[in-house]
Amino acid sequence: MYKRIVSKGATEFAYLKVTLDFEEDPNEAIDVVTFKTIIIDALRSLFGLAGTSINVDILKYEEAQRNAVLRVHHSSLVKVWGSLTLHGIHREQRCAFRVKQVSSHLMALAGNSRDAVF
């Protein structure tokens with residue numbers, strides 16, 4: 001009746017929950033296209049043109065809070081995470097990506113034990 005599935009080894013994708021913060025104007029609204037452009041700029045600044053070939057998918061984006069769930073290939077996780085962490089300027093404004101959660105499974109990002117109310 002039930003089939004047991006066991007995952008062995010690394011999964012194909014990794015998922016990141018990130019937030020983009022600005023120092024000067026914290027309430028600035030950024031659309032999803034600009035958000036993706038900032039991610040590509042972060043990859044380009046650290047890895048050059050080779051960094052722009054890394055595929056980053058935005059699965060969910062909340063424009064008001066500038067929160068996003070990103071999907072990257074597991075082999076590119078460290079490169080994307082590092083470039084987002086080190087990226088600090090967009091259009092002469094200081095900014096910072098905050099990586100809130102990272103997981104190999106998308107379902108793990110659905111709940112956060114730190115925010116749970118018991």
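The structure under discussion appears in the preceding block.
Keep in mind it's a predicted model, so treat the numbers as computed, not measured. (Residues numbered from 1 in each chain as written. Predicted model: local features only at pLDDT ≥ 70, side-chain atom pairs only at ≥ 80, totals over all residues. Heavy atoms only, no water.)

(A) Geometry of the overall build of the protein. When its secondary structure is counted, the protein shows two helices and five strands. Going residue by residue from the N terminus, the α and β elements of the protein occur as β-α-β-β-α-β-β. For the protein, the residues scored as buried account for 31% of the 118 residues in total. Taking the intrachain contacts of the protein between residues at least 6 apart in sequence as the baseline, contacts between residues at least 24 apart amount to 69%. A total of about 8,100 Å² of accessible surface is found on the protein, and carbon and sulfur atoms cover 53% of it. (Helix = DSSP H or I, 4+ residues; strand = E, 2+ residues; numbered from the N terminus. Buried < 20%, exposed > 50% of the residue type's maximum accessible area, 1.4 Å probe, protein only. Contact = heavy atoms within 4.5 Å. Areas by Shrake-Rupley, 256 points an atom, 1.4 Å probe, with all protein chains shown as cover.)

(B) Structural context of a nonpolar patch on the surface. Where nonpolar side chains cluster on the molecular surface, the patch consists of L46, F47 and L86 and spans about 290 Å² of accessible area. With respect to the element layout, L46 can be found in helix α1 (residues 32-47). (Patch = residues over 30% accessible without salt bridge, like charges linked within 9 Å, V, L, I, M, F, W, Y side chains within 5 Å. Salt bridge = Lys/Arg side-chain N within 4 Å of Asp/Glu carboxyl O.)

(C) Focus on the layout of surface pockets. In this structure, the largest pocket spans a volume of roughly 210 Å³. In this structure, the largest pocket is lined by K17, T19, L59, K60, Y61, E62, N67, A68, V69, K100, L106 and L109. Within the residue set of the lining of the largest pocket, elements represented by two or more residues are β1 (13-22), β2 (56-62) and β3 (67-73). With four residues, β2 is the single largest residue contributor to the lining of the largest pocket. Class assignment for the residues of the lining of the largest pocket results in six nonpolar, two polar and four charged. (1 Å grid on protein atoms, 1.4 Å probe; cavity = no way out; pocket = protein on both sides within 12 Å on 5 of 7 lines; lining within 4 Å. Points joined across faces, edges and corners; volume = space filled by probe spheres on them. Nonpolar A, V, L, I, M, F, W, Y, C, P; charged D, E, K, R; others polar.)

(D) Molecular detail of the nonpolar core. Residues F35 and L70 are the most contacted members of the largest nonpolar core, which totals 22 residues. Elements represented by at least two residues in this core include exactly β1, α1, β2, β3, α2 (77-86) and β5 (93-103). Not counting chain neighbours up to four residues away, the residues in contact with L70 comprise A14, Y15, L16, V18, F35, I39, V56, D57, I58 and L84. (Core = buried A, V, L, I, M, F, W, Y, C linked by side-chain atoms within 4.5 Å.)

(E) Representation of the pattern of salt bridges within the structure. Tallied over the full model, the rule gives five salt bridges. With its nearest N and O atoms 3.0 Å apart, the salt bridge here joins R44 to D41. Taken as a pair, R44 and D41 lie in helix α1 at a separation of three residues, close to a single helical turn. Residue classification places R44 among the partly exposed residues on the basis of a relative accessible area of 39%. Taking the relative accessible area as the measure of exposure, D41 reaches 25% and is therefore partly exposed. Here R71 makes a salt bridge to D57, at a shortest N to O gap of 2.8 Å. Placement of the pair is R71 in strand β3 and D57 in strand β2, with a sequence separation of 14 residues. Given a relative accessible area of 24%, R71 falls into the partly exposed group.

Fair warning: the whole summary comes from geometry, so function is off the table for now.
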